[in-house]
Amino acid sequence: MDQPPNDEVSTTTPHPTPHPTPSFNDTLNLLFGPEAPNLAKKSSSLIEKMATYSCHISFLRACRDHSYIPKGLRLSTPVRSKRASEVLNKASTLILTERLNYYRQQFAQCKKDYVITTLHLDLILNAEYRQKLLQLNAQKSCFTHRQHLTTHKKKFDKLLLEQKAPFLSPYDQLLDYNLPTPTFHGPLPTTTPTAKLNSSPKTVINLSGQPLSLPETEVLSLGLKFVPKPTHDPTPDLAPRIQHVTKQLGDGMEASATHQVVSVLTEYDRRQDTTADNLTPRQRQGLKTLTAKKKSLRFLPADKGNATVILTNEQYIDKVNTHLASGAYSRLDSNPTDSLTRKLYTLLKAFRDKGKLTPAQFKEMRNLHPRYPQLYGKPKIHKPDAPIRPIVSFYNTPLEALHRVLAHYLKPLAQNPLRLKNSSAFKLHLHSSAHPDYPYYASLDIKALYTSCDMRAATKTAILNYQQDPSLLPSNLTAETIGSLINFCLDNSYFEFNGDFYSQDTGGTMGSPLIVELAEIRTAETEQHAISTSPTPPGSYRHFVDDGIGSFTNRQHADTFLAHINSLNPDLQYTIEHPSSSGNLPYLDVLIHPDKSTSVYRKPTHTNLYVKYTSCTTNASKNSVIRSLTRRAYDLCSPQHLDAELQTVRGICSLNGFPPLRIDSIMTEVRRKFLNPPQLTLASFNRQLQATTPSLFFTALNGQ
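Residues numbered from 1 in each chain as written. Predicted model: local features only at pLDDT ≥ 70, side-chain atom pairs only at ≥ 80, totals over all residues. Heavy atoms only, no water.

Participant: Would you mind showing me how to read unusual backbone geometry here?
Facilitator: Excluding glycine, residues mostly have negative phi values, and the peptide bonds linking residues are mostly trans. Here Asp 385, not a glycine, exhibits a phi torsion of approximately 65°, which is positive. Assignment of secondary structure puts Asp 385 in the loop between strand E5 (374–379) and strand E6 (388–393). Judged by its relative accessible area of 70%, Asp 385 falls in the exposed class. Non-glycine residue Lys 596 carries a positive phi angle of around 65°. In this fold, Lys 596 is placed in the loop between strand E14 (590–592) and strand E15 (598–600). Residue Lys 596 is classed as partly exposed on the basis of its relative accessible area, which comes to 27%. (Helix = DSSP H or I, 4+ residues; strand = E, 2+ residues; numbered from the N terminus. Buried < 20%, exposed > 50% of the residue type's maximum accessible area, 1.4 Å probe, protein only.)

Quick look at the structure:
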């Protein structure tokens, strides 16, 4: 046969290859990550098993009620006697009852697992895809149920023929419907699968504008705290480094330190399973490509919610520079670390020579080989444009030891009647301070507490407290000495960012323990003064760091108190949050309901992402996830909300890969300890009494 001319061949248009329609599970993988299709498959499998077990239960129950033994459960014997037949019939009936109980247990377990899996899916999928998955599961359940019903009807009809029963089969009325065979992969919802939906919590928030591959997204969705298993034994690489360090300890300490380190490494090697990797080959490749992108991208933990935020280096630097340009900072010409270390030594030596510091205190307030403080930021994804929350790394800096010692001395002053220890203390306060004349609750929040608070005024308040009660300090220390050291810390507050050094002119740096105590003193002083001078003070008021909450007569009363407290000190300005339209008010991680019952509150940015069970970390850190979440449920929830929160905790832990047996055992342990708390010893009572006793300054402000 002749070939067509070349020009005819070239003009022939090939038929375009049709693009395959993505399956429902592929769409879930694209929109919600790799966990979504796995959970969807699990839910479908569980509901199919439930339909199967339900049919088995119905069939066996019908056989039991009509005194029939299915053919598969009949026993046979060569003994042909009436007594033998009675024994066989009784044994067959017992086996039928055993099978009936077995399928009931299996059905109950599948139902429990299905509820947990559904809770997981509720945390991941949006409403549209949840409804679609429920429809597909319902179709699959009905289809499986009908298939088994048809099979069991045939079996039961044979039993009726054997017994020549005059009545109809109970299965006749169950098959008067006709369900079509379901389509498990479509039609899909109309949402375009381009990005993860905003209505579900995001574990990976890409603000860089650079696309990420699916393996890279899978690795980042595990969380920044996820530890991959080493691809090789790290012990040989660590040995020479450990030997180099231990040699610097001297002959007396070298052998002891080496023995302890070897023991730790041996225990680590014994506990690790080097045969199984906790990342798939595709995830390993994604981790490798992410490592190559570290030069141009920043992978940062979100300020709240455990999400991973991705920024380019330029975006990150611009956000931090925007904060540094706020007016509270000044750029320095050079690195002041060495000169500051000498100045601190000169100041402390002068105090020591004059007897104002003991040699032990002189040694305790110094760092011998310091480094400069470094500023880093966490994106606030709950705010527009995701601004940076500045934090200064203070570890092993010139003033770190001095800040720590001064914070210890200031801690008794910061213990005041308004200060809450934690959310559990707030729940107790909420129930103990309830008053019918003050039914309205509102929460107050201080704008940028650490960077705007007047630390000099807080220092003056601290000095005044020490002068009124010198017993709060060691006998050799005076209020003037403490004031001089605090002012030295405030005058020499600096940090490094992107190769430049800055001094902080106002406020304090987040990350310093000294700044925390000074801010607490200033906050308590302002709020105590506002309560004592307000013509209509709140019925009760407490605060935790920069979050306050009070009880008022109505909304207008709360707004009036807000205006009053904002008029006192320009450095501390408050905002207010009123209850929602449903009457709920969140405070810390507590949700206050209209009936003043409480439950656990999670912010919209919360991802329910904790340490994964497959992470190469210690079992103690993994168990603490279950233990802390369960304990929080018992501490914060009112009885009517406890069961729902425990189910949520169980679902969250399962979502992070924890085995059901471990979840059950730890939750049972926490429940037992909560219902039977240990006895309070005299030493622990004295510690609690000392921690909750207010200082003389705040007692005087209360007029007591």
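Participant: What's the story with the sheet that holds strand E12 (residues 574–577) in this structure? I'm lost.
Facilitator: Within a sheet, neighbouring strands are paired by backbone hydrogen bonds and run either parallel or antiparallel to one another. Strand order in the open sheet formed by 4 strands is E10-E11-E7-E12, with antiparallel pairing between adjacent strands. If you trace the sheet from one side to the other, it starts and ends with strand E10 (540–544) and E12, each paired once. Adjacent strand axes in the sheet meet at a mean angle of 25°, parallel and antiparallel pairs treated alike. The sheet contacts of helix H19 (residues 555–566) involve strand E7 (440–446), E10, strand E11 (547–552) and E12, and relative to E12 the element is tilted by about 170°. (Pairing = 2+ DSSP bridges. Axes fitted to C-alpha atoms, helices over the stretch in contact; angles between N-to-C directions. Contact = heavy atoms within 4.5 Å.)

Participant: How do you make sense of the sheet that holds E15 when you look at a structure like this?
Facilitator: Pairing is antiparallel across the open sheet formed by 3 strands, whose spatial order is E13-E14-E15. Across the chains shown, the open sheet's two edge strands, defined by having one partner strand only, are strand E13 (585–587) and E15. The sheet shows a mean angle of 30° between the axes of neighbouring strands, taken without regard to direction. In terms of strand pairing, E14 meets E15 through 3 bridges, oriented antiparallel. The residue bridging Leu 591 from the neighbouring strand is Ser 599, located in E15. Contacts from helix H14 (residues 423–432) reach E13, E14 and E15 within the one sheet, and its direction differs from that of E14 by about 20°.

Participant: Got a minute to help me understand the packing of aromatic side chains in this structure?
Facilitator: Aromatic ring pairs are defined here through the distance separating the ring centres and the angle between the ring planes. Counted according to the given criterion, the structure contains 14 aromatic pairs. Ring centres of Tyr 372 and Phe 501 lie 5.2 Å apart, and the angle between their planes is 85°; this geometry places the pair in the edge-to-face category. You can see Tyr 372 sitting in the loop between helix H12 (359–364) and E5 and its partner Phe 501 sitting in strand E9 (residues 500–504), a full 129 residues away along the chain. A relative accessible area of 10% means that Phe 501 is categorised as buried. (Phe/Tyr/Trp six-rings, centres within 6.5 Å; stacked < 30°, edge-to-face > 60°.)

Participant: So what exactly am I meant to see when it comes to helix H6 (residues 214–221) here?
Facilitator: Residues lying three or four places apart along an α-helix face the same way, a consequence of the helix completing one turn every 3.6 residues. Across the 8 residues that make up H6, a large majority, 6, are buried. Along its buried surface, H6 packs onto strand E1 (204–206), helix H9 (281–292), strand E2 (297–301) and strand E3 (308–312). Positioned one or two residues after H6, Gly 223 has a phi angle of 100°, which is positive.

Participant: Can you help me understand the nonpolar core in this one?
Facilitator: Side chains of nonpolar character tend, in soluble globular proteins, to be buried together. Counting residues in each nonpolar core, the largest one holds 52 residues, and the members touching the most others are Leu 402, Leu 410 and Tyr 466. For this core, the secondary-structure elements that each account for two or more residues are helix H11 (337–353), helix H13 (400–414), E7, helix H15 (449–452), helix H16 (455–468), helix H17 (479–491), helix H18 (513–533) and H19. Residue contacts for Tyr 466: discarding those within four places in its chain leaves Tyr 409, Leu 410, Leu 413, Leu 472, Leu 473, Ala 479 and Ile 482. Judged by nonpolar contacts, the second largest core, of 29 residues, contains Leu 420, Ile 592, Val 611 and Leu 629. (Core = buried A, V, L, I, M, F, W, Y, C linked by side-chain atoms within 4.5 Å.)

Participant: What should I look at first to understand the pattern of salt bridges in this one?
Facilitator: Charged atoms that come close allow side chains of opposite charge to pair. Overall, the coordinates contain 23 salt bridges when judged by the stated rule. Of the charged contacts, one joins Arg 99 and Glu 98 as a salt bridge, the two residues approaching to 2.9 Å between their closest N and O atoms. Classification of Arg 99 as partly exposed rests on a relative accessible area of 25%. Close ionic contact of Glu 669 with Arg 627 constitutes a salt bridge, the shortest N to O distance being 3.7 Å. On the criterion of sequence distance, the pair formed by Glu 669 in helix H22 (residues 660–675) and Arg 627 in helix H20 (residues 619–636) is long-range, its members being 42 residues apart. Taking relative accessible area as the criterion, Arg 627 reaches 31% and is therefore assigned partly exposed. The network of salt bridges with shared partners includes Lys 411, Arg 419, Glu 517 and Glu 520. (Salt bridge = Lys/Arg side-chain N within 4 Å of Asp/Glu carboxyl O.)

Participant: Would you take a moment to explain the packing of H16 against H17 for this structure?
Facilitator: Two quantities define a packed helix pair, namely the angle between the helix axes and the distance between the axes. Contact geometry for H16 and H17: axes closest at 9 Å, N-to-C directions at 165°. One finds that H16 runs roughly antiparallel with respect to H17. Handedness of the crossing formed by H16 with H17: right-handed. For the pair formed by H16 and H17, the contact residues are Met 455, Arg 456, Thr 459, Ile 463, Tyr 466 and Gln 467 on the first element and Ala 479, Glu 480, Ile 482, Gly 483, Ile 486, Asn 487, Leu 490 and Asp 491 on the second. Residue classes in the contact of H16 with H17 are distributed as 7 nonpolar, 4 polar and 3 charged. (Parallel < 35°, antiparallel > 145°, perpendicular 65-115°, else oblique. Left-handed = near helix turned anticlockwise from the far one by under 90°. Nonpolar A, V, L, I, M, F, W, Y, C, P; charged D, E, K, R; others polar.)

Participant: For this particular structure, what's the right way to read the pairing of E11?
Facilitator: Within a regular strand, side chains alternate between the sheet's two faces. With 5 of 6 residues buried, E11 is to be regarded as a mostly interior element. Of the strand pairs in this sheet, E7 and E11 are connected by 6 bridges, and their pairing is antiparallel. In the strand pairing of E11, Tyr 440 is matched with Phe 552. Inspection of the sheet shows E10 paired to E11 by 5 bridges, in the antiparallel sense. Looking at the pairing, Phe 544 lines up with Asp 547 of E11.

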